[in-house]
Amino acid sequence: MAAEPAAESQPKPSGSRFPTFGDLLAMLGIALVAQVLVGIVGRIVLAAVGYGGSGAAMTPDVTGKMMAALYFVSMAVTLGGVLYYRHLRGGRGRWARFSIRGLNPMLLLWAFVLIFAVGVVLEPLLRVLPDLSLDVGRGFWTMLSLVIFAPIFEELLCRGVVLGSLRDRYGATVAWLVSALFFGVLHVQPVQVVSATVVGLVLGYVYLATDSLWPSMILHALNNAAAYLLMILFVTPGDDAAGTMLIDLIQNRTLYGVIYVVAVILSGVSGWMMVRTLRRMNPSQKNPVEA
């Protein structure tokens with residue numbers, strides 16, 4: 001899948017101590033505080049326009065508009081706050097890298113299949129976690145939020161600022177692991193924390209492999225679009241998303257067992273190859289991998 005890069009060297013010393021573990025907690029805190037504050041403002045607005053504080057009386061389309069607006073504002077505040085914090089802490093250099101050379105269709109196809117495979121592998125764990133409580137609505141505004149807003153803001157934050165800053169100081173492997181965990185915790189709810197952390201590993205690898213946010217944004221958008229399609233096909237508005245798991249969609253247990261074994265093998269082999277590649281990656285190397 002990948003060409004072998006040169007052996008990993010020690011990360012180059014930086015003139016700044018950013019980011020420390022405390023910095024990561026601070027940036028995560030900025031994101032969570034922004035979500036809470038914008039959520040409170042949203043409840044006040046809902047009450048003012050006659051929907052009540054919970055918005056339970058809203059139609060799915062109206063819910064989609066409201067959630068898209070709240071998400072856009074909260075993530076804009078988060079990204080602005082994190083960048084300002086980074087500046088105060090002495091973070092330097094580019095924090096978002098873009099290159100059309102990163103648009104490798106085969107790499108994107110492999111990564112998209114891998115995300116599906118690891119999702120299948122995680123299903124037994126996700127089924128025992130608390131149900132996801134999140135109503136994002138339906139319609140155009142929901143699609144805009146999931147397929148445009150989320151990939152842009154979350155990739156700029158988690159792969160751009162967080163992973164990029166960690167790579168400059170600690171190297172590719174540490175940056176890959178820690179930024180994926182940051183991405184997972186950002187989603188708060190246990191089911192999303194677990195699944196987003198694993199998806200973050202794939203997105204982070206794609207970013208490191210291409211040194212460009214375009215591929216990770218596209219992959220993120222495709223993953224969210226697929227999740228939204230499953231939701232509108234199999235989930236009634238107001239219900240949880242558990243019914244979108246493959247184990248619930250495939251009634252033939254033998255067929256599901258075969259798919260699960262294949263998913264485990266694909267995930268294991270791909271994970272081993274990613275770790276091997278990243279351990280040999282020079283932190284300053286550009287475009288080290290071509291799938």
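Quick notes on the rules
- Residues numbered from 1 in each chain as written.
- Predicted model: local features only at pLDDT ≥ 70, side-chain atom pairs only at ≥ 80, totals over all residues.
- Heavy atoms only, no water.
- Axes fitted to C-alpha atoms, helices over the stretch in contact; angles between N-to-C directions.
- Helix = DSSP H or I, 4+ residues; strand = E, 2+ residues; numbered from the N terminus.
- Parallel < 35°, antiparallel > 145°, perpendicular 65-115°, else oblique.
- Left-handed = near helix turned anticlockwise from the far one by under 90°.
- Contact = heavy atoms within 4.5 Å.
- Nonpolar A, V, L, I, M, F, W, Y, C, P; charged D, E, K, R; others polar.

(A) How the structure looks around the packing of helix α3 (residues 105-128) against helix α9 (residues 253-279). Packing of α3 against α9 brings their axes to within 8 Å, and their N-to-C directions diverge by 120 degrees. Overall, the two elements α3 and α9 adopt an arrangement that is oblique. In this structure, α3 meets α9 at a crossing whose hand is left-handed. Residue-level contacts link W110, V113, L114, A117, V118, V120, V121, E123 and P124 of α3 to Y256, Y260, A263, V264, L266, S267, S270 and M274 of α9. Here the contact of α3 with α9 is composed, by residue class, of 14 nonpolar, 2 polar and 1 charged.

(B) Spatial organisation of the packing of helix α6 (residues 190-210) against helix α7 (residues 213-234). With their axes 7 Å apart at the nearest point, α6 and α7 run at an angle of 150 degrees to one another. Classified by the interaxial angle, the pair formed by α6 and α7 is roughly antiparallel. Crossing angle aside, the handedness with which α6 passes α7 is right-handed. In contact with V199, V202, L203, V206, Y207 and T210 of α6, α7 contributes L213, P215, S216, L219, H220 and N223. Residues belonging to the contact of α6 with α7 are distributed by class as follows: 8 nonpolar, 4 polar and no charged.

Geometric values such as these leave the question of function open.
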